[in-house]
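# Coordinates in review
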Protein chains: 2
Amino acid sequence: MTDLFAKHRQTLDKALDACEKRYSWTAYPESPSSKIHGQEKPAAGKARFEALLGTDYPLAQPGEVGRTGGEISPYTGEPLAISYPRMDVPRLYEAIVRAMPDWRAAIAETRIGVCLEILDRCAGQLFENAHATMHTSGQSYIMAFAGSGANALDRGLEALAYAHKAMADIPATATWERQFGKGGAARLQKQYHLVPRGIGVVICCATFPLWNGYPALCASLATGNPVVFKPHPSAILPVAMVVSVCKEVLAEAGFDPNLVSMVADTRGDPATMALLEHPATAIVDFTGSPGFGEWIEQNCSDKLVYTETAGCNSVVIESADDLQAMVSAIAHSLCQASAQMCTSVQNIHIPARGILVGGQRVSFDEVAAALAAAVEKHLENPQVLCGTLVDSTILQTIDRYRTLAAERGRLLRDSAPLHYPDFPGARTASPLMLEVTSDARDIYRDEIFGPVSFVIKGDGIDECLLDATTNARERGAITSHVYSVNEDFLSRAVSAYHDAGASVACNLVGMPINFAAAYSDFHVTGLNRAGNACLTDLAFVANRFRIVQSKRMV
Amino acid sequence: MTDLFAKHRQTLDKALDACEKRYSWTAYPESPSSKIHGQEKPAAGKARFEALLGTDYPLAQPGEVGRTGGEISPYTGEPLAISYPRMDVPRLYEAIVRAMPDWRAAIAETRIGVCLEILDRCAGQLFENAHATMHTSGQSYIMAFAGSGANALDRGLEALAYAHKAMADIPATATWERQFGKGGAARLQKQYHLVPRGIGVVICCATFPLWNGYPALCASLATGNPVVFKPHPSAILPVAMVVSVCKEVLAEAGFDPNLVSMVADTRGDPATMALLEHPATAIVDFTGSPGFGEWIEQNCSDKLVYTETAGCNSVVIESADDLQAMVSAIAHSLCQASAQMCTSVQNIHIPARGILVGGQRVSFDEVAAALAAAVEKHLENPQVLCGTLVDSTILQTIDRYRTLAAERGRLLRDSAPLHYPDFPGARTASPLMLEVTSDARDIYRDEIFGPVSFVIKGDGIDECLLDATTNARERGAITSHVYSVNEDFLSRAVSAYHDAGASVACNLVGMPINFAAAYSDFHVTGLNRAGNACLTDLAFVANRFRIVQSKRMV
């Protein structure tokens, strides 16, 4: 057997160093450009994806009792017509439980080596996975390759580095010797063994199926826990491809491929509860709606639960150096992936009397208009930036808020279909922007999934900050932004967001402000309703295993 | 302000090294001998304890609404007649919440410095605390000084070392720079702040009030969380003394003394639920009965819960080199602190056909008789070893099992009062030993608190091991022992205990086998019903704080 740990040791060491110093680094190129990869790889990836359409996805798992799956491409409106095993969960679990002792008995470095190899092979699979993500999650090809691909793989490696760190903290053996009274010296040889918790269920979301999927996989598997993926019914294929890689690597390394499995389902015949209720499920990693996430947090007290859900992410604009750079950065967030990212901005707070830009007052209406115009600018070539809508209910959401705009404020920018020449049937919508005051607080305090945002006229900047931070505290926030050239205000704003249990970014321009950097950003604080875990810190990994010891007198 | 971190830096560094290599080390001498401490200190400690009898214990806390407390010395049967503040929990919490921002804002090293100073002063208070522990928990003076004193302080320092390690893992700042497309380089300055969870409630047990008290205090306080001690109604004074030290050190360091507080109560007017139900309680450290511990684990899903309860600790005897050394070691556990320790042995499994000792067969009856005789030998001078019974219900427990002995097996050794010349009224009982078969499984599978043990005749050694490990898995175990000269069996036994989520000690003789070594033993696995936490590993500390970050474009 190849020593996979030794093979990838340098990558792991670099990840550990990046986590410690938190600089920018990536182990996986995020551009799908043929300038980097050549012509052949991208084409081969696309061909492999297309060859899967209309087939029974090959996944040998004990307990298959039929087939399931009903994915539809948001780009074509056509079913992918791929079927996946429909699983008898208790039978699958029996097989997984049989596989556990060998995996548990493997030393940490062996397990980490397997995980490193899995990530490496998944990196080699990013082209086909990007097409799969595009035609299920609805992301653009480039976003699918980067955000749900390379960037997500980096996060998997980050989680693996933390798992390594937590496990390496415990020595394998120790010698312990001391005097007890006049009875002479007692000398003990001690051995410390790491014991996994049990089966880890990874519940993936529809829009970025692997964003938290890789980190949860690595955190659980490296610490000895088998993993069962439960993909969202509308985005199974990207997860299935990763599960295939896991099984392949596990088998090659001499382990049971059932250690990573998948339970797919459809909306009409869901399988999640069977996984959550099974007594062998010891860990749940959940990415999805705040409602279900909270239910799991409250009702699975016998399991370790790690959630990332969503919040109403805010921007507070106090002042700026460069209005165009600022509104372009914010508008980018409103457009990117049709605002279906956990880091997408929803609420933009601006004081009623406007803001200072380079010392000159710019009215509220001018800033609002500049934001809307910046959105138009980003929409000149929308396919790469906006992608499609993962779900048709988002169109209903847009309709609802369009109606509410007239009732509760005004429509600052209407949403309309976007036209992609290659995909005339794509399900799309440009950003809907509402202008409201705090009277509409009841509607903008909900996390709205999709391209709906609010430009909120606050009485003054203090009211803006209070509103935004109160919402972060009470309704959750994953990203928060402040724009100001005023040091006092920036300092006050940072404190206010921190007091609300939220992280904050100041004056980000010239880059996609939705971007969360693996190895550097602690993604999700765990202090508000947007999730109870941080990906990744020591707490995300340290409790996934326990320690048993034996000591022996010598 | 003295730099407390610098003052105690060497102690912390040594603790970190001991945790990493897990050798034997202590920062606090465990012997109260006047040969070490001189004549004056022990006498002064005793005098300070005696001066508190019959007084209102001075503890200035906002929200005092009367006095409470009803401790009775198990040595004299006399009330201590010390009163403690009876607290209005919401009012106390208001004051604590006001104290939090300054403590939260302090850097980790400041908080760790304060904790190190607290431990140091508590070490200077061990004499009076030993008398307090003796006359509340009922421990012998020497045990109170060592087990609930110096050894427990070491465990506090161990938890502090882990808290330091977990917090030091996060840098204060980072610079992050990368290229986004053709948009030029984005350069961000990042700051990472550690944020505590909220108020940590530490629920202490009656017999070893500070055993987990110091570790929980250090783990929560160092990571920024205020601590509210909830002592057991029968052992308030030892905890109150520690709380006084904490308040003193906090105030001297410029912090609000309410950051460590105490809510005392009586059995008739309990205060625990008011603490558990308060929304500002974010962490619960519980030491006590398995029943209440499990209730907290299941019903406080919105809080971090760390429990150490109890199990039915076992010994499996397969063979021995030296019968006398072995039975003496086991009998020591049956006697020490009247088997009221979390590490006390309860179930001794011996095969029906006896065991080999130095290659010669020794019958079951002979081993059982040797165990009973070894208990007699330890009882020749029982006061130091056995102490007293913390609670009169233990006498009823003994009566109940004496009756059951006749019905379900036979009485191997009857319990009787122990006579301590200095304390003629002491509440005492020597070990009650029952000989049973697995037919009595229903009675020996309960954790029985106090000096009741079972010598269990198993069909064969495999049945003995299966019974013991099944009980560990299903009913919990904190310590487990195996005696064997057979390498194959030892290896099998270690695996079987590990599979049951239990640690195991092999062939311990010539030392108190109940001893758990700070910095070396991972105390409690968290994998069975004897508790969900390990004191101390990274998981015990890493989730007590979260990380918020601010990033700023430069």
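Model, not experiment: these values are computed from the prediction. (Residues numbered from 1 in each chain as written. Chains lettered and ligands numbered in written order. Predicted model: local features only at pLDDT ≥ 70, side-chain atom pairs only at ≥ 80, totals over all residues. Heavy atoms only, no water.)

The tally for this structure, following the rule as stated, stands at 28 aromatic pairs over all chains. When the centroid spacing of 5.3 Å and the interplanar angle of 75° are considered together, the rings of A:Tyr306 and A:Phe540 count as edge-to-face. Placement of the pair is A:Tyr306 in strand 9 (residues 304-308) and A:Phe540 in helix 19 (residues 538-541), with a sequence separation of 234 residues. Lying across the ring of A:Tyr306, A:Arg544 places its NZ or CZ 4.1 Å from the centre. Between the NZ or CZ atom of B:Arg178 and the centre of the ring of B:Phe180, over which it lies, the distance is 3.9 Å. (Phe/Tyr/Trp six-rings, centres within 6.5 Å; stacked < 30°, edge-to-face > 60°. Helix = DSSP H or I, 4+ residues; strand = E, 2+ residues; numbered from the N terminus. Lys NZ or Arg CZ within 6 Å of the ring centre and 35° of its normal.)

Detailed reading of the predicted coordinates is not advisable wherever pLDDT is low. Scored by pLDDT, chain A has a mean of 97; 99% of the residues are at 70 or more. Here the predicted complex scores 0.97 on pTM and 0.97 on ipTM. (pLDDT = per-residue confidence, 0-100.)

The next subject is the relation of the copies chain A and chain B. Each of the two chain copies can be brought onto the other by rotation about an axis and movement along it. Expressed as a screw transformation, the operator carrying chain A onto chain B has a rotation angle of 180° and an axial translation of 0.0 Å, and the superposed copies differ by an RMSD of 0.0 Å. Within this description, the copies of the chain are treated as partners about a two-fold rotation axis. No C-alpha of chain A approaches the rotation axis more nearly than that of A:Ser301, which lies at 2.8 Å. Interface overlap between copies is the fraction of interface residues in one copy that are interface residues in the other; for chain A against chain B it reaches 100%, indicating a shared surface. (Least-squares fit on C-alpha atoms with pLDDT ≥ 70 in both. Contact = heavy atoms within 4.5 Å.)

Once that is clear, we can look at unusual backbone geometry. For the bond from A:Leu535 to A:Thr536, the omega torsion is 0°, close enough to zero to count as cis. When you line up the elements, A:Thr536 lands in the loop between strand 19 (504-506) and helix 19. Unusually for a residue other than glycine, A:Arg22 sits at a positive phi of about 60°. Position of A:Arg22 among the secondary structure elements: in the loop between helix 1 (4-21) and helix 2 (34-37). The phi torsion at B:Ala81 lies on the positive side, around 60°, for a residue other than glycine. In this structure, B:Ala81 sits in the loop between strand 1 (64-68) and strand 2 (84-87).

This part takes up the interface of chain A and chain B. Taken residue by residue, the interface counts 72 residues in chain A and 72 residues in chain B. For the interface between chain A and chain B, the tally reads 14 salt bridges. The residue B:Arg552 makes a salt bridge to A:Glu487 at a minimum N-O spacing of 2.4 Å. There are 37 residue pairs in polar contact (both at pLDDT 80 or more) connecting chain A and chain B. No other element matches the eight residues that strand 20 (residues 545-553) of chain A contributes to the side of chain A that touches chain B. (Salt bridge = Lys/Arg side-chain N within 4 Å of Asp/Glu carboxyl O. Polar contact = N/O pair within 3.5 Å; in protein donor to acceptor, adjacent residues only side chain to side chain.)

Residue and element names in this part refer to chain A. On the secondary structure map, Ser261 appears in strand 7 (residues 260-262). Only 2.8 Å separates the side chain of Ser261 from the backbone oxygen of Asn258, close enough to count as a polar contact. Ignoring sequence-local partners within four residues, the contact set of Ser261 consists of Gln61, Leu92, Ile96, Val227, Val228, Phe229, Val243 and Lys247.

Turning our eyes to something else, we now look at the sheet that holds strand 13 (residues 355-357) of chain B. All names here are of chain B. Spatially, the three strands line up as an open sheet ordered 11-13-14, and their pairing is mixed. Sheet topology places strand 11 (319-320) and strand 14 (360-362) at the edges, where each strand pairs with a single neighbour. Alignment of strand 13 against strand 14, held across three bridges, turns out to be antiparallel. Within strand 14, the position partnered with Ile355 by the bridge is Val362. (Pairing = 2+ DSSP bridges.)

Let us now look at the packing of helix 7 (residues 126-137) of chain B against helix 10 (residues 237-252) of chain B. Residues and elements named next belong to chain B. At a minimum axis distance of 8 Å, the contact between helix 7 and helix 10 shows a crossing angle of 150°. Taken together, helix 7 and helix 10 sit at an angle that is classed as roughly antiparallel. Judged by residue contacts, Glu128, Asn129, Ala132, Thr133 and Thr136 of helix 7 engage Leu237, Pro238, Met241 and Val242 from helix 10. Per-class residue counts for the contact of helix 7 with helix 10 are five nonpolar, three polar and one charged. (Axes fitted to C-alpha atoms, helices over the stretch in contact; angles between N-to-C directions. Parallel < 35°, antiparallel > 145°, perpendicular 65-115°, else oblique. Nonpolar A, V, L, I, M, F, W, Y, C, P; charged D, E, K, R; others polar.)

Glancing now at the pattern of salt bridges. Residue and element names in this part refer to chain B. In total, this model carries 68 salt bridges over all chains according to the counting rule given. Across the pair Lys377 and Glu380 runs a salt bridge whose closest N-O atoms are separated by 3.9 Å. Note on accessibility: Lys377 and Glu380 belong to one class, exposed. (Buried < 20%, exposed > 50% of the residue type's maximum accessible area, 1.4 Å probe, protein only.)

One face of the sheet, then the other: side chains in a regular strand alternate in exactly this way. Residue and element names in this part refer to chain B. Across the two faces of strand 6 (residues 227-230) the burial is the same, with Val227 and Phe229 and Val228 and Lys230 all buried. Pairing of strand 5 (residues 199-203) with strand 6, which is carried by four bridges, proceeds in the parallel orientation. When the sheet's bridge partners are listed, Val201 is paired in strand 6 with Val228. Each parallel crossover has a hand, and for strand 5 linked through helix 9 (residues 213-222) to strand 6 it is right-handed. Relative to strand 7 (residues 260-262), strand 6 runs parallel, the two being bridged by three bridges. Each bridged residue has a counterpart across the sheet, and for Val228 the counterpart in strand 7 is Ser261. Since strand 6 and strand 7 lie parallel, the crossover through helix 10 that links them has a hand, and here it is right-handed. (Right-handed = clockwise from strand over helix to strand, strands pointing away.)

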